[in-house]
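Residue-level structural notes
Chain by chain, the residues run as shown.
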Amino acid sequence: MIKVKTSEEIELLRENGILVSKTLAEVGKHIAPGVTTLELDKVAEEFIRDNGAEPGFLGYNGFPSTLCISVNDTVVHGFPSDYALREGDIVSVDCGTTYKGYNGDSAYTFAVGEISEADRKLLEVTKASLYKGIEAAVSGGRIGDIGYAVQSYCEANGYSVVRELVGHGLGRHLHESPEVPNFGRRGHGVKLLENMVICIEPMINQGKKDVYLDDNGWGVITCDHRKSAHFELTVAIKKGKADILSTFDFIENKNN
Ligand code: MG
Ligand code: MG
């Protein structure tokens, strides 16, 4: 069943959205060649707890860490580890919070030092596709409108869309209905109702769309080992224009 949220619930989800956004910005300050992904995880956990919240992913279905950190050909759900970031890597950082009984969930793919022009374009297109999806996330539309917007933009740029993982509703639970695929057909799927809260999260590959599961049972990796990017924001569906509950402004220094 798909629940629409009350305005009080939306404000609690916004508080989580802002905290998760600030956490990603804090992590972003530490991203540099030589830093291990486990060090980044510690930064996030401490920041979340210092703000009176709990890491939303830690222990979720047995997930061992605060962050999902996915480098280069890892699409999502990478484990923080003793891997030291290298100049030229791209690193997706996905963060969850639990605060006042609700959840936050957002992701950003960072460049480590100088990256190639091709990788820079992958990040730009993936992030832009997220905003294309958000433009389609309005009441009266359908879930397929969002997927179509993301997919058509990314494929027009020569990239492919991962099929095995999708966005989702967000509320008291990290993953609620409906599923929000990054591919689809306009006018198809669940109807979008005012005050539904969803996470839109394109996972976009430089090469082919195919992925496989890491031996650890979590990491999702591109079969061709080309790079993949991931950006995620939480939005409340409204008439005409979604209300975006998390933000990249802290990361991109638009807010300080
Ligand atoms: Mg996420
Ligand atoms: Mg998510």
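Anything mentioned here points back to the structure above.
All of the points below concern the structure found in this document. (Residues numbered from 1 in each chain as written. Chains lettered and ligands numbered in written order. Predicted model: local features only at pLDDT ≥ 70, side-chain atom pairs only at ≥ 80, totals over all residues. Heavy atoms only, no water.)

**Structural notes on the coordination of the magnesium ion (ligand 2)**
When a metal carries six donors in an octahedron, the ideal angles between them are 90 or 180 degrees, while four donors in a tetrahedron ideally lie at 109.5 degrees. Within the protein, the atoms that donate to the magnesium ion (ligand 2) are D105 (OD), H168 (NE2), E201 (OE) and E232 (OE), at distances of 2.1 to 2.2 Å. In primary sequence terms, the donor set of the magnesium ion (ligand 2) follows D-x62-H-x32-E-x30-E. Taken as an interatomic distance, the gap from the magnesium ion (ligand 2) to the magnesium ion (ligand 1) is 3.1 Å; D105 donates to each of them. Here the residue D105 occupies a position in strand β5 (residues 102–111), and H168 occupies one in strand β7 (residues 167–169), the gap between them amounting to 63 residues. In terms of burial, D105 and H168 fall into one category: buried. (Donors = N, O, S within 2.8 Å, 3.2 Å for Na, K, Ca; no water. Helix = DSSP H or I, 4+ residues; strand = E, 2+ residues; numbered from the N terminus. Buried < 20%, exposed > 50% of the residue type's maximum accessible area, 1.4 Å probe, protein only.)

**Quick word on the packing of helix α3 (residues 117–135) against helix α4 (residues 143–156)**
A pair of packed helices is characterised by two quantities: the angle between their axes and the separation of those axes. The contact between α3 and α4 brings their axes to 8 Å, and the two run at 150°. In terms of their interaxial angle, α3 and α4 are classed as roughly antiparallel. Crossing of α3 over α4 shows right-handed handedness. Taking contact as the criterion, the partners of V125, A128, S129, K132 and G133 in α3 are, on α4, I146, A149, V150, Y153 and C154. (Axes fitted to C-alpha atoms, helices over the stretch in contact; angles between N-to-C directions. Parallel < 35°, antiparallel > 145°, perpendicular 65-115°, else oblique. Left-handed = near helix turned anticlockwise from the far one by under 90°. Contact = heavy atoms within 4.5 Å.)

**Digging into the packing of aromatic side chains**
Taken as a whole, this structure holds seven aromatic pairs when the rule is applied. Look at Y131 and F248: their rings are 6.4 Å apart centre to centre, the planes differ by 90°, and that puts the pair in the edge-to-face class. Here Y131, found in helix α3, pairs with F248, found in the segment after β15 (243–244); they are 117 residues apart in sequence, far enough to count as distant. Feature note: the residues Y108, F110, Y131, F231 and F248 constitute an aromatic cluster, connected by ring pairs. (Phe/Tyr/Trp six-rings, centres within 6.5 Å; stacked < 30°, edge-to-face > 60°.)

**Topic: the side chain of E176**
Along the chain, the position of E176 falls in strand β8 (residues 176–180). Among the polar contacts made by the side chain of E176, one reaches the side chain of K5 at a distance of 2.7 Å. Of the polar contacts made by the side chain of E176, one reaches the backbone nitrogen of H173; its length is 3.0 Å. Among residues more than four places away in sequence, those in contact with E176 are K5, H168, G169, L170 and G171. (Polar contact = N/O pair within 3.5 Å; in protein donor to acceptor, adjacent residues only side chain to side chain.)

**Quick word on the coordination of the magnesium ion (ligand 1)**
Within the protein, the atoms that donate to the magnesium ion (ligand 1) are D94 (OD), D94 (OD), D105 (OD) and E232 (OE), at distances of 2.0 to 2.5 Å. If you list the donors of the magnesium ion (ligand 1) from N- to C-terminus, the spacing comes out as D-x10-D-x126-E. Here D105 falls in the buried class, since its relative accessible area comes to 2%.

**Considering the sheet that holds strand β6 (residues 160–161)**
Strand order in the open sheet formed by three strands is β6-β10-β13, with antiparallel pairing between adjacent strands. Each of the sheet's edge strands pairs with one partner strand only, and the pair in question is β6 and β13 (228–230). In this structure, strand β10 (residues 203–205) lies alongside β13, joined through three bridges in antiparallel fashion. By the bridge assignment for β13, N205 is matched with S228. On the sheet, α3 packs against β10 and β13 and is oriented at approximately 35° with respect to β13. (Pairing = 2+ DSSP bridges.)

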